[in-house]
Amino acid sequence: MATNATNALTTTSQAVTTAQRPAPRTIKELLQGEEIRRQVGAALPRHLKPERFLRVAINATMRQPELLKCTRESFFRCLLELSSYGLEPDGRRAHLIPFRNNKTNTMEVQLIIDYKGLAELVRRSGDVSYIHADTVYEKDEFDFAYGSNAFLKHRPNLEDRGERVAAVYSFVKRKDGSEDFIVMSRAEIEKVRKRSRAANAGPWVTDWGEMAKKTAFRRHSKWLPLSPEIR
């Protein structure tokens, strides 16, 4: 009898404890909290305010409600990484992309920094004075050569550029006045896209050209005298 009463009391106590235990806060609630504001503020450069950064993050979840279904760890890991770069998840320079991790059977967030975001980081580094990446359509006037007499010539056909992108290139001018470039074919870009976890979602679908330019610039950056932080 006493044992049954003790078991009943223990069960009741556990139920009360469970009922009193607060539910884990959602991503939306955490975005509005003081703790994440302090963490983001500690990582952001001076020209960005944590209040604005978090407003942009909230707007990103409104554009893509699927982000709120992702794990909190992956979401805030991407936010803190972005804050350390001094970039906002504005959908122009940086994207927060939800994807399913089949190994853990959970939704997670992947951070994608596009060409404009990478270019901004490189300009801040002071290693180069001019950056340009572009897509070449099949009816554009385009020619290039590597080697001792290297050159790059691209004249877009504004009347009719054609339907298909034929190539993508990245061009930079260094502070010492020297120039450098790299050209990638559409087939090379597609090989990179297919290896991406977000190959069939997000900016690879909505902004293929921007992602292609980012791919060319990323490959190009391996040969540029960039600071370790930018790399």
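To be clear, the structure that these remarks concern was listed above.
Residues numbered from 1 in each chain as written. Predicted model: local features only at pLDDT ≥ 70, side-chain atom pairs only at ≥ 80, totals over all residues. Heavy atoms only, no water.

Caption draft 1: Inspection of the overall build of the protein chain at higher detail. Secondary structure assignment for the protein chain yields nine helices and seven strands. Of all intrachain contacts in the protein chain linking residues separated by at least 6 positions in sequence, the fraction that spans at least 24 positions is 59%. Accessible surface, the protein chain as shown: approximately 14000 Å² in total, 50% of it carbon and sulfur. (Helix = DSSP H or I, 4+ residues; strand = E, 2+ residues; numbered from the N terminus. Contact = heavy atoms within 4.5 Å. Areas by Shrake-Rupley, 256 points an atom, 1.4 Å probe, with all protein chains shown as cover.)

Caption draft 2: Highlighting the pairing of strand β2 (residues 106-113). With six of eight residues buried, β2 lies mostly within the body of the structure. Sheet topology places strand β1 (residues 94-101) next to β2; eight bridges connect them, and they run antiparallel. By the bridge assignment for β2, Ile-97 is matched with Gln-110. (Buried < 20%, exposed > 50% of the residue type's maximum accessible area, 1.4 Å probe, protein only. Pairing = 2+ DSSP bridges.)

Caption draft 3: Up close: the state of the cysteines. Within the structure shown, the criterion is met by zero disulfides. With no disulfide of its own, Cys-70 lies 9.0 Å from the sulfur of Cys-78, the closest cysteine sulfur. (Disulfide = S-S within 2.5 Å.)

Caption draft 4: Quick look at the pattern of salt bridges. All told, the structure shown has 18 salt bridges when counted by the stated rule. Residue Lys-213 is joined to Glu-210 by a salt bridge in which the shortest nitrogen-to-oxygen separation is 2.9 Å. Taken together, the residues span about one helical turn, with Lys-213 and Glu-210 both in helix α9 (residues 208-221) at a distance of three residues. Looking at Lys-213, the relative accessible area reads 12%, which means it is buried. A cluster of three or more residues bridged by salt bridges with shared partners is formed by Arg-52, Glu-88, Asp-90, Arg-92, Arg-93, Glu-120 and Arg-124. (Salt bridge = Lys/Arg side-chain N within 4 Å of Asp/Glu carboxyl O.)

Caption draft 5: Representation of unusual backbone geometry. A positive phi angle, close to 55°, is found at Asn-105, a residue other than glycine. Note on placement: Asn-105 falls in the loop between β1 and β2. Residue classification places Asn-105 among the exposed residues on the basis of a relative accessible area of 56%.

Caption draft 6: Molecular detail of the environment of Arg-218. Note on placement: Arg-218 falls in helix α9. Considering only alpha carbons, one finds Arg-218 and Ser-170, 48 residues apart in sequence, at a separation of 8.9 Å.

Caption draft 7: The arrangement of helix α6 (residues 115-125) in detail. Every buried residue belonging to α6 is among Tyr-115, Gly-117, Leu-118, Ala-119, Leu-121 and Val-122, and all of these are buried. The secondary structure elements touched by the buried residues of α6 are α5 (72-85), β2, β3 (128-137) and α9. The opening residue of α6, the one whose side-chain oxygen lies 3.0 Å from the backbone nitrogen of Lys-116, is Asp-114. At the C-terminal side of α6, Gly-126 shows a positive phi close to 80°. (Polar contact = N/O pair within 3.5 Å; in protein donor to acceptor, adjacent residues only side chain to side chain.)

Caption draft 8: Fine view of the nonpolar core. Leu-31, Phe-75, Phe-76, Leu-79, Leu-96, Ile-131 and Phe-217 are the most contacted members of the largest nonpolar core, which totals 35 residues. Of all the elements in the fold, those that place two or more residues in this core are α2 (27-31), α3 (34-43), α4 (50-63), α5, β1, β2, α6 and β3. In terms of nonpolar packing, the next biggest core, distinct from the first, is built from 12 residues, Val-165, Val-168, Ile-189 and Ala-216 among them. (Core = buried A, V, L, I, M, F, W, Y, C linked by side-chain atoms within 4.5 Å.)

Caption draft 9: Summary view of the packing of aromatic side chains. Tallied over the entire structure, the rule returns seven aromatic pairs. Considering the side-chain rings of Phe-144 and Tyr-146, the 5.5 Å spacing of their centres and the 70° angle between planes classify their relative orientation as edge-to-face. (Phe/Tyr/Trp six-rings, centres within 6.5 Å; stacked < 30°, edge-to-face > 60°.)

Caption draft 10: The pairing of β1, seen in detail. Counting buried residues along β1, seven of its eight residues qualify, which places the element largely inside the surrounding structure. Hairpin geometry of β1 and β2 is characterised by an intervening segment of four residues between the two adjacent antiparallel strands and by a positive phi of about 55° at Asn-105.

Caption draft 11: A look at helix α7 (residues 186-195). Residues Ile-189, Glu-190, Val-192 and Arg-193 constitute the buried set of α7. Summarising the axial view, the buried residues of α7 lie within an arc of 160°, below the 170-degree limit, and thus occupy one face. Facing away from the buried surface of α7 by more than 90 degrees, the exposed residues are Lys-191, Lys-194 and Arg-195. On the buried face of α7, the contacting elements are β6 (165-174), β7 (179-185), α8 (203-206) and α9. (Arc of directions from axis to C-beta.)

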